[in-house]
Structures are given as structure tokens and as C-alpha cells.
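Residue-level structural notes
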Amino acid sequence: MVEKPFHGVRISRIGPTRLYPFTRFFRGFEKVPTVRALFGKNTSRVLRAQKVEFFSARFGYMGTSDVDGHLIISSRHLKESELRTVYLDLVHELCHVRQFRKGRPLFYPKLSYVDAPSEIEAYRLTVREGRRIGMTDRELWEYLRIEWITPNELRRLARRCGVSPPGRSARAKRRSR
Ligand SMILES: [Zn+2]
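Residues numbered from 1 in each chain as written. Predicted model: local features only at pLDDT ≥ 70, side-chain atom pairs only at ≥ 80, totals over all residues. Heavy atoms only, no water.

Another aspect to go through is the overall build of the protein chain. Broken down by element type, the protein chain carries eight helices and six strands. Walking the protein chain from its N terminus toward its C terminus, one meets helices and strands in the order β-β-β-α-α-β-β-β-α-α-α-α-α-α. Its C-alpha atoms give the protein chain principal-axis dimensions of about 75 × 40 × 30 Å. In the protein chain, which comprises 177 residues, the share counted as buried stands at 38%. Taking as baseline every contact in the protein chain between residues at least 6 positions apart, the subset at least 24 positions apart corresponds to 55%. Taken as a whole, the protein chain presents about 11300 Å² of accessible surface, with 52% of it coming from carbon and sulfur. Charge centroids of the protein chain, computed over 37 positive and 18 negative side chains, lie 5 Å from each other. (Helix = DSSP H or I, 4+ residues; strand = E, 2+ residues; numbered from the N terminus. Buried < 20%, exposed > 50% of the residue type's maximum accessible area, 1.4 Å probe, protein only. Contact = heavy atoms within 4.5 Å. Areas by Shrake-Rupley, 256 points an atom, 1.4 Å probe, with all protein chains shown as cover. Lys, Arg positive; Asp, Glu negative; His and termini not counted. Charge placed at Lys NZ, Arg CZ, Asp CG, Glu CD.)

Next comes the structure, spelled out in C-alpha cells:
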């Protein structure tokens, strides 16, 4: 890369990214039914080819690159968040990996986060996986309560994923008894 002088300094505009194999850090995901539903008979092959990048900033959680489909994971989130949250986040991101592989957009700059078709699909899948591992609506509601969305957006996202708001699910339970 040609580094043009700039006020006496030279700045490389390329910051190399270190990519690791997904399966070096995350094992057994090829056996998760929800993940198999995403990639079918190619599941093991896709996961073996999947790459992951870690970053050390204090903010952020996980994402998927819309340039080459690799996962981008906060080391702090990986280490310090509840294990179940990390697990569901990985399932969520694998849904984005599939979207990327299908050539579908991951980001919709004109829509809010909870209205982006890519996010709705990923959260629906994550909720399905959460239920499979025994999470209650209340726990799923907490999982969906993301710090950058408003209470209205949370209700919208939960409704789209079929998760009842805490109060209502308690009433429904009482009625069913
Ligand atoms: Zn997402």
C-alpha cells in the first residue's frame, strides 16, 4: 500500500485482522438442531470454514462482517457475560452467517435495529433455540432487552418473536391453571 506523506507522517490505511477458525473456540454447534436447520447437511463444513475475529474494546458484543461473513466477537463479552447469553448470541450470529452466504443484506441503515429483516429472522431463531434449552418467556424477554433499544422497540421485537411481556405471561399462566 502506498503511504502518501501527510504532514510529515505516513499512515498505512490497512489494519490487518487476525482471523481464527470458529471450531477452535466453539465446539459441537454442528449438533444443535437450530444450527442444523440453518445449514442442513452442510452444517459441519460451514462451521469448519467459519472464521472468527476477537476484539478487546470495552463495548460491543458480537457481529458478523458483511464483507466476508466472519464473526466479530468481544473478548470481554465472551469472558464475562452469562454463558447462556453467549450461546444464544452465537446462534444469532450464525443466522447472520447464513444470510450473508445467501447474499442477503445484514444491515438496513434506513430501518431501526428491531425492524431489520435480518435481525427479526435472527432473533426468531434465537428465541426458538432459547425455548428448546428450556428458557421461559420471562428469561427470553430479558435476553431481548438490549441496551440500545427503546421499551417500545423491545415490545415490538418480543411480539415478532412470540415472546410475551412478563406481566401478561403470568396472567396467561394463571388462566390456564
Ligand atoms: Zn443480529
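Next comes the rest of the description.
The next thing to look at is the side chain of His92. By secondary structure assignment, the location of His92 is in helix H4 (residues 83–101). With sequence-adjacent residues up to four places away left out, His92 is seen in contact with Tyr113, Glu119, Ala122, Tyr123, Thr126 and Tyr143.

This brings us to the sheet that holds strand E6 (residues 71–74). Working definition: the strands of a sheet are paired by backbone hydrogen bonds and lie parallel or antiparallel to each other. Pairing in this open sheet of four strands is mixed, and the strands run E3-E4-E6-E5 from one edge to the other. At either end of the open sheet lies a strand with only one pairing partner, and these are strand E3 (20–21) and strand E5 (62–64). (Pairing = 2+ DSSP bridges.)

Let us now look at the state of the cysteines. Considering all chains together, one arrives at zero disulfides under this definition. In this model Cys95 remains outside any disulfide bridge; the closest cysteine sulfur is found in Cys161, 11 Å from its own. Residue Cys95 is classed as buried on the basis of its relative accessible area of 1%. By relative accessible area, which is 10% here, Cys161 ends up buried. (Disulfide = S-S within 2.5 Å.)

That is the geometry; function is a separate question.
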